[in-house]
Amino acid sequence: MDLSQLLSDVNDFVWGPIMLGFLVGTGIFLTVRLKFLPWRNLFYAVKMIVHSKGRSEGDISPFQSLMTALSATVGTGNIVGVATAMVLGGPGALIWMWISAAFGLSTKYGESVLAVKYRETNSVGEMSGGPMYAMKKGIGNKAVGGFLAGMFAVCAVLASFGIGNMTQANSIAAAFNAGYAIPTWVTGLIIMFGAFAVFLRGIKSIGKVSAVIVPSMAIFYFVSSIIVIIVNISAVPDGIAEMFRMAFSVEAAAGGVGGSIVASMLSAMRWGVARGVFSNEAGLGSAPIAAAAARTDHASRQGYVNMTGTFFDTMIICVLTGLVIASSGMLGSTDLETGKLVSGAQLTILAFSTVFGEWAKLIVSVSLALFAFSTILGWEYYGEKSLEYLVSNRKVIMGYRVFFSLITFIGATTTLEIVWNFSDTMNGLMAIPNLICLLWLSNDIAKECFDYQKNVIEKE
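Residues numbered from 1 in each chain as written. Predicted model: local features only at pLDDT ≥ 70, side-chain atom pairs only at ≥ 80, totals over all residues. Heavy atoms only, no water.

Engineer: I would appreciate a short explanation of the pattern of salt bridges in the present structure.
Structural biologist: Oppositely charged side chains can pair when the atoms bearing their charge come close. Evaluated as defined, the whole model comprises 8 salt bridges. With a closest N to O distance of 3.2 Å, E448 and K117 form a salt bridge. On the criterion of sequence distance, the pair formed by E448 in helix α21 (residues 442–455) and K117 in helix α7 (residues 93–117) is long-range, its members being 331 residues apart. Residue classification places K117 among the partly exposed positions, given a relative accessible area of 35%. In this structure, K385 engages E388 in a salt bridge whose closest nitrogen and oxygen atoms are separated by 3.4 Å. (Salt bridge = Lys/Arg side-chain N within 4 Å of Asp/Glu carboxyl O. Helix = DSSP H or I, 4+ residues; strand = E, 2+ residues; numbered from the N terminus. Buried < 20%, exposed > 50% of the residue type's maximum accessible area, 1.4 Å probe, protein only.)

Engineer: Teacher, can you tell me more about a nonpolar patch on the surface here?
Structural biologist: A cluster of nonpolar side chains, contributed by V154, L158, L390, V391, V396 and F422, occupies part of the molecular surface with about 410 Å² of accessible area. Residue placement: L158 occurs in helix α9 (residues 142–180). Judged by its relative accessible area of 32%, L158 falls in the partly exposed class. (Patch = residues over 30% accessible without salt bridge, like charges linked within 9 Å, V, L, I, M, F, W, Y side chains within 5 Å. Areas by Shrake-Rupley, 256 points an atom, 1.4 Å probe, with all protein chains shown as cover.)

Engineer: Just to check I follow, could you spell out the confidence of the model for the protein chain for this structure?
Structural biologist: Fine structural detail should not be taken from predicted coordinates in areas where pLDDT scores are low. Counting all residues, the mean pLDDT for the protein chain is 84, and 93% of those residues have values of 70 or more. Put simply, helix α13 (residues 255–258) is where the protein chain has its lowest mean pLDDT, 48, and helix α3 (residues 37–40) is where it has its highest, 95. Between residues 254–258, whose pLDDT stays under 50, and residues either more than four places distant or in other chains, the model counts 15 contacts. (pLDDT = per-residue confidence, 0-100. Contact = heavy atoms within 4.5 Å.)

Engineer: Even after reading the chapter, I still don't get unusual backbone geometry, so can you show me in this structure?
Structural biologist: With glycine set apart, most residues show a phi of negative sign, and most peptide bonds adopt trans. Positive phi is not limited to glycine here, since F36 has a value of about 65 degrees. Looking at where F36 falls in the secondary structure, it is placed in the loop between α2 (17–33) and α3. Exposure remark for F36: the relative accessible area of 35% places this residue in the partly exposed category. Of note in the backbone geometry, A181 takes a positive phi value of approximately 55 degrees without being a glycine. Looking at A181, the relative accessible area reads 59%, which means it is exposed.

As structure tokens, this is what we get:
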């Protein structure tokens, strides 16, 4: 067995049913443990995005913190991942993506609360926090806490180069090369210099840029998607009905909506949950690192703010992509050259082309580029803070910023499947110590949640 196949097998195991069950199971446990308050307070959480109270410590505003977290989660998964899930798991995969996101709200809330509660100030006056600090300071058994923290930090640094960098840069370069014959090295240079210009000034710069890019790209994609859905509105009811039918059917063919696609409830669940978690990162422990940088007067307030990231990422953007594909009639299309089912970005382009024609290529390419570039920004911060936990030397941190920028060029110009599988595995392994921490410190989360509910929300 070669190295590539070995890594692929390990990756399949890491992202297999056991891990997905652990992720969703933790979300279900926390939702019940918190008496469904993350669900009941979702509207309140959305209001809190632009609301700040009291004297607060932190580096960036709650809104910028959320946008930084969203910049990392809203990426290729929202365009490529949804299309892939609907081909491999059928239209019903979108329903399971939505279900996993519903319980992911509680997971994202809990990990963000712990990140703010246990954050600390570094040598240059910046906030440092995330699962590794919650593990180190919150878990009573110092040996166990230290081991879990170290494991998480190492996996996060390694994952940042692949999932948060090379795959995103490659997606941008490939889209413009396929659509407009722009050489990958040209795109690579643009990404590299653009990223470095943002990284140079750290989290404040990342927060400001994310606060502009993320809302802009979300509105652009939202409007484009709504136009397609409205034009194809006659097919939407059948599309939604087919999603629910295939989500809970023992085995079913997609029929008119999905053409020749055949998928069982188990495959719909597997691909829907997997792609949903890959997209919104609830339970992986990455987003709380951005939450820890926020200026906030209460850990629970920022927990609610960051929780909305899962709502916007999966329940809004991913669902829009799914409805565009389902209503377009393109799901189940076959590539004439290869004879295989059309999937990924190509399927999303075909869906948009039913309304926008040749302009669909530009819409999807620009959306993909903005989504992926923002992911590079967010993941650089995650990797940097994880590295800072392991090595506090500022020269090493600055070196990481330069190296991370250079790696975007390699990602844009080279297909490195081994690196991608390895980093994807590291991305999955981050979840293990993080989920253990969430369960271990669930009483801390509940105490913060109920205290905030009684002394803040009920009095506002």
